[in-house]
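Examining the three-dimensional arrangement
The lines below spell out each chain.
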Number of protein chains: 2
Amino acid sequence: MRVGVLASGAGTNLQAILDRVHGHAAEVVAVGADRADAQALERAAVAGVPTAVFALDDHGGDRDARDAAMGDWLAARGPRLVVLAGYMQLLTPGFLARFPERVINVHPALLPAFPGVRAIEQAVDYGVKVFGVTVHFVDEGVDSGRIILQRALELPAATDPAEVHAALRPLEHELLCKAIELIARGAVRPDPGHPRRILVAE
Amino acid sequence: MRVGVLASGAGTNLQAILDRVHGHAAEVVAVGADRADAQALERAAVAGVPTAVFALDDHGGDRDARDAAMGDWLAARGPRLVVLAGYMQLLTPGFLARFPERVINVHPALLPAFPGVRAIEQAVDYGVKVFGVTVHFVDEGVDSGRIILQRALELPAATDPAEVHAALRPLEHELLCKAIELIARGAVRPDPGHPRRILVAE
């Protein structure tokens, strides 16, 4: 299965995909970023994967134009799946329409709790005792798409978002790679009897 | 520690408290209900615990009057803690002011996700893969008070709310009893440095 990846930052989720999935269950055929200094681009280059930058400023601040260019570049590489690995931009409806039910994201909270940015800080501020990670399909909302996989982590004494993130990161890597592998072997499908449920045959 | 309990229904959480905590870490000194047919009342009577019914209709539909009478009855029995064990009424601010930070509730979801009624149905409808239970202090909002304990349960193939509830019920009993025991031995206190966090010394 050919996979495109979008990233914004350090790219540790991308690295997990390159290390564990690339060349096995899937082939990463393209890595795009919204900023030229995203470390993810270096990781992709080291792995010999084509990269490109789609900064909003290069498209006159026009999100539709940026996402159209990014979609063209990705589509030319024929991915069956687009993986958001720490990609911090909201995708336009036009982009999502080109990859229907084929864009997934990993989020460091048990959605629908704590969507959006700074999810772990939100959770720590709320005073929860259980944290977690969600992999979901991306729709036009903010972290509101259908859930593929979730994993919980009980951290009843957590007070420091950085410590929580360090504890969640291995779960993010594991769950995102697992989701790609499951999708690659056709084990993930919508429940025909339920609009929001994703059936996973593990 | 003297404990009052409020219930509305079958009273399985009350039964767990009577079986595991009553006469050990705490003494249940009063069981109130908002309906005369609450099975919880029978369970209390069998255990020799005083009971009373505070139905809204008996107070002309006036929630303040009902909660004032209920508060008087409870206060006369001197509970240090009031436990909501499947109590389906929202408590008035006047009632809560009489028992400040001394009312706790158990909720069958990982709050702040899925507050309010039919929490498990809400979670199943959303398509989550992780369910859970929360014990929290009660404030004037709906399931919005500070969290004492949470426990997660991964049920990735869950489709039936009744099955989820059957799986969560033992966790509800365990967590609610544990919270009472922790409070009885002074192991639960607010974090002076954080408005929402409850510190638990296990």
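Refer to the structure printed above.
Residues numbered from 1 in each chain as written. Chains lettered and ligands numbered in written order. Predicted model: local features only at pLDDT ≥ 70, side-chain atom pairs only at ≥ 80, totals over all residues. Heavy atoms only, no water.

**What to know about the environment of G11 of chain A**
- With respect to the element layout, G11 of chain A can be found in the loop between β1 (2-7) and α1 (12-20).
- When neighbours within four sequence positions are excluded, G11 of chain A is seen to be in contact with A40 and R43 of chain A. (Helix = DSSP H or I, 4+ residues; strand = E, 2+ residues; numbered from the N terminus. Contact = heavy atoms within 4.5 Å.)

**Section: unusual backbone geometry**
- In this chain, L111 of chain A is followed by P112 of chain A through a cis amide linkage whose omega measures 15°.
- Structurally, P112 of chain A is set in the loop between β5 (103-107) and α5 (119-126).
- If you check the backbone angles, D143 of chain B has positive phi at about 55° while not being a glycine.
- Taking the relative accessible area as the measure of exposure, D143 of chain B reaches 14% and is therefore buried. (Buried < 20%, exposed > 50% of the residue type's maximum accessible area, 1.4 Å probe, protein only.)

**Section: the pattern of salt bridges**
- Under the defined criterion, the tally for this structure stands at 17 salt bridges over all chains.
- Where D72 of chain A meets R98 of chain A, a salt bridge forms, and the shortest distance between an N and an O atom there is 2.8 Å. A residue pair is termed long-range when its members are at least 10 positions apart, and D72 of chain A in helix α3 (residues 63-75) and R98 of chain A in helix α4 (residues 93-98) qualify at 26 residues.
- The partner of E101 of chain B in a salt bridge is R146 of chain B, with the nearest N and O atoms 2.7 Å apart. Of this pair, E101 of chain B sits in the loop between α4 (93-98) and β5 (103-107) while R146 of chain B is found in the loop between β6 (130-137) and β7 (147-154), placing the two residues 45 residues apart along the sequence. (Salt bridge = Lys/Arg side-chain N within 4 Å of Asp/Glu carboxyl O.)

**Observations regarding the side chain of R197 of chain A**
- Relative to the elements of secondary structure, R197 of chain A occurs in the loop between β8 (188-190) and β9 (198-200).
- Here R197 of chain A falls in the buried class, since its relative accessible area comes to 7%.
- Excluding anything up to four places from it in sequence, R197 of chain A contacts R146, R189, P190 and D191 of chain A together with V124, K129, A158 and T159 of chain B.

**Concerning the interface of chain A and chain B**
- Taken together, the contact pairs 27 residues of chain A with 27 residues of chain B.
- Roughly 2300 Å² is buried in total at the junction of chain A and chain B, and carbon and sulfur atoms are behind 54% of that figure.
- When the buried surface of chain A facing chain B is broken down by residue, Y126, K129 and R197 of chain A rank first, second and third, together holding 29% of it.
- At the surface where chain A touches chain B, the tally comes to 2 salt bridges.
- R151 of chain A is the partner of E154 of chain B in a salt bridge, and the nearest nitrogen-oxygen pair spans 3.7 Å.
- Run the count over chain A and chain B and you get 10 residue pairs in polar contact (both at pLDDT 80 or more).
- Secondary-structure elements contributing two or more residues to the side of chain A that touches chain B are α5 and β7 (147-154) of chain A.
- Ranked by the residues each element gives to the side of chain A that touches chain B, the list is headed by β7 of chain A, at 7 residues. (Buried area = accessible area lost by both parts, 1.4 Å probe. Polar contact = N/O pair within 3.5 Å; in protein donor to acceptor, adjacent residues only side chain to side chain.)

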